Amino acid sequence: MKVTVIGGGSWGSALARILGDNNHDVIIFDRSIDIVNEINENHTNKSKLPVGTLPLNVSATNSLELALSEALVVVIAVPTKVIRSVLKQMNLVLTHRCLFVNASKGLEPDTYLRVSEIVYQEINNNFIEDFVALTGPSHAEEVINQLLTIICAVSLNKQAAKTVQSLFNNSKYFRVYTSYDLKGSEICGALKNIYAIASGMLTGCGLGDNAKAGLISRALVEMRRFVVAFGASEETIYGLTGVGDLVVTTTSEHSRNFQAGYRLATGKNLEETIASMTMVVEGARTVVAAYQYARVNNIETPIIDAVYDVLYNRKPVKTAINQLMKRSLKDE
Ligand SMILES: NC(=O)c1ccc[n+]([C@@H]2O[C@H](COP(=O)([O-])OP(=O)(O)OC[C@H]3O[C@@H](n4cnc5c(N)ncnc54)[C@H](O)[C@@H]3O)[C@@H](O)[C@H]2O)c1
């Protein structure tokens, strides 16, 4: 099948590797000519993934028109900050129906919209075959090296989820399940990045596994409150796209959200932290949407509030942790 991947960053490249390994023809669109040239000439993307190669059936372009001209499936893997503008450009050049697969994770500040909702807003609906979120515990750095990974193709349409399951499943290293709670999966995938920042902060303050396990457990409580408020399925919290993704991102140094939290705890401010990263820190944007949504809908989110205060009100990390520990005593 001909598949287009929008975004040749670490995740877009890793996903292209799986598709290439599965014998699909893949074209990656990226705005960076350096990335495009490196993929075409060397079959690598070292600025994003220092180790690992791309198969020969993966090529790249910085022409959106060319990238989309023959696509049957379009995989979105750009930072959520630019998704709206990229979709607007895509809408201008699309000429036929495509299956949309989203691999990016975030919630839009002010609107609280999920990526699926933004896709249906920005793309002429006649050109959308269906929408599937590909999400779950997965670091690009491991996938590009064919290390065993298990994730989910999530859609309101069972057939579309199954199509994406077969497209990406690779019995050697990439197992794909299907599930159907799109709303819950998108919310969990977005929120977990905030808790990864919190986890990096704990490690940066010299705290250990006890603190991290406590964070993960209480993060699940906050995630459940959100999932309920959005009217999604509570069960999603306990699956690959919920606790699975939360665990991988809060416990791994591959996570750039974790790394951002670590740097914030060691005295850098948000601007310095973002400037020092070569990859997107989605949690820094999603925390704004989550904080706003929690205020409007009266949801208790002490961890999200603490991360927000450190990032946007310059509260020192240690003060935020002390304040969380001094909250009134309560039942679990
Ligand atoms: N890296 C991972 O392991 C991983 C895993 C799962 C999901 N994700 C999600 O995937 C998304 C992308 O993450 P990433 O790690 O690949 O980020 P990244 O920073 O490595 O790459 C982003 C890419 O998007 C490109 N880009 C930015 N603006 C663009 C535009 N306007 N037009 C075209 N290309 C543009 C950049 O040039 C870059 O190559 C994020 O939402 C992230 O949460 C990442």
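Here, the structure is the one placed above.
What counts, and where the lines are drawn
Residues numbered from 1 in each chain as written. Predicted model: local features only at pLDDT ≥ 70, side-chain atom pairs only at ≥ 80, totals over all residues. Heavy atoms only, no water. Buried < 20%, exposed > 50% of the residue type's maximum accessible area, 1.4 Å probe, protein only. Helix = DSSP H or I, 4+ residues; strand = E, 2+ residues; numbered from the N terminus. Pairing = 2+ DSSP bridges. Right-handed = clockwise from strand over helix to strand, strands pointing away. Expected span 1.5 Å × (residues − 1). Contact = heavy atoms within 4.5 Å.

Caption draft 1: Quick look at the pairing of strand E1 (residues 2–6). The buried fraction of E1 is high, at four of five residues. Note that E1 and strand E2 (residues 25–29) share five bridges and pair parallel. Note that in E2 the partner of Ile6 across the bridge is Phe29. For the handedness criterion, the β-α-β arrangement of E1, helix H1 (residues 10–21) and E2 is classed as right-handed. In the sheet, E1 pairs with strand E4 (residues 73–76) via four bridges, with the strands oriented parallel. Among the inter-strand pairings, Ile6 is bridged to a residue of E4, identified as Ile76.

Caption draft 2: Focus on helix H8 (residues 182–204). If you check H8, its first and last C-alpha atoms are 34 Å apart, about what 23 residues at 1.5 Å a residue would give, namely 33 Å. Most of H8 is tucked away: 21 of the 23 residues are buried. In the segment just after H8, Gly206 is the residue with positive phi, at about 85 degrees.

Caption draft 3: Examining the environment of Val73 more closely. Residue position: Val73 is located in strand E4. With a relative accessible area of 1%, Val73 lands in the buried category. Sequence-wise, Val73 and Thr149 are 76 residues apart; in three dimensions their C-alpha atoms are separated by 22 Å. Contact partners of Val73, with chain neighbours within four places excluded, come to Met1, Lys2, Val3, Thr4, Leu99, Val101 and Leu167.

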